[in-house]
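Each chain, letter by letter, is given below.
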Amino acid sequence: FYRYTWHVQDKVDANNVAYTSGKLSLHTDYPALQYPPGIQFLHCLKQAETGGESEVVDGFHVCNKLKEQNPDAFNILTSTQIDFTDTGIDYCDFSLQSKQRIIELDQNGDLLKINFNNSTRDSILNIPAEKVQPFYSSLKEFVSIMNKPKNTFCFKLKPGQVVTFDNWRILHGRKSYQSGADVSRHLEGSYLDWDVVMSRLRALKTKLQTSN
C-alpha cells in the first residue's frame, strides 16, 4: 500500500505523521501488520537546514533495563496483547489491524521483537479493567527509559547517505524541522523481511564457498 519504496516528506493532507514536519516520537514501524517488516532502509535525498535530526534507541537495551528495574512491568509488557490499527489511502486503500505484545519473546524466553508505535496504538484497550492501570504504568516506565538522553543516539543524515537498521530491535524517530514552500526534507525508504535477508545471506555464503 506504500509501494516498494516510499517517500518521507511533508505534504498537504498527510495521512501519516511521518509526512509532516513535526517531531516523530521513537517507534518501530508497522506493529499494525501481523508480521512487521524486519529491515528498514532510509536514503537521504534532501535534508532540512534546521532540525530533522534522526534519533535511534536500542530497544533490547531498554527491555533489559526495564526487566532489571521492574520485573513486573517487564512481565506485563511481554504478556499483554494490545491492538494496533492503521487506516488510510496512499498507493491504494488500506485498513490494517493486529494484536501484538509491546515486547515479544521467542520460545526460549529471549528478546525477539519490539512492537511499539503510539501513533497506531488503537484507542481501544481490550483487556480486563483491573489490568488497565498496571499496563499503562508499565508502558510509562518503558517509554521513560527509552527517552533517557543516555540511551538515545542522535545524528543528522546528509544527502546521499543511507541508514539501515533492524526494525524489530531499533526504535527510531525524528526531531521536528522547518518546512518551506518547497520540499525541505526528503527521504526515500524501503522494507525487507528477515526471511528475504537470511535467504540472500545463505545463497551468498554457498556461492562464496563454491567459488573457493
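I will try to describe carefully the structure that is included in this document. (Residues numbered from 1 in each chain as written. Predicted model: local features only at pLDDT ≥ 70, side-chain atom pairs only at ≥ 80, totals over all residues. Heavy atoms only, no water.)

## Quick notes on the sheet that holds strand β12 (residues 186-192)
No. 1: Read from one edge of the open sheet, 4 strands run β1-β12-β3-β10, paired in antiparallel fashion. Every other strand in the sheet has two partners, leaving β1 (5-8) and β10 (162-166) as the edge strands with one partner each. Each strand axis lies, on average, 25 degrees off the axis of its neighbour in the sheet, ignoring direction.
No. 2: Relative to β12, strand β3 (residues 39-46) is paired through 7 bridges, and the arrangement is antiparallel. The partner of Q40 across the bridge, within β12, is Y191. (Pairing = 2+ DSSP bridges. Helix = DSSP H or I, 4+ residues; strand = E, 2+ residues; numbered from the N terminus. Axes fitted to C-alpha atoms, helices over the stretch in contact; angles between N-to-C directions.)

## As for the packing of helix α1 (residues 59-69) against helix α3 (residues 129-146)
No. 1: Following both chains from N to C, one finds α1 and α3 inclined at 125 degrees, their axes separated by 9 Å at the closest point. The angle between α1 and α3 falls in the class oblique. Where α1 crosses over α3, the handedness of that crossing is right-handed. Mapping the contact onto sequence places V62, C63, K65, L66 and Q69 in α1 and E141, F142, I145 and M146 in α3.
No. 2: Its residues assigned to classes, the contact of α1 with α3 comprises 6 nonpolar, 1 polar and 2 charged. (Parallel < 35°, antiparallel > 145°, perpendicular 65-115°, else oblique. Left-handed = near helix turned anticlockwise from the far one by under 90°. Contact = heavy atoms within 4.5 Å. Nonpolar A, V, L, I, M, F, W, Y, C, P; charged D, E, K, R; others polar.)

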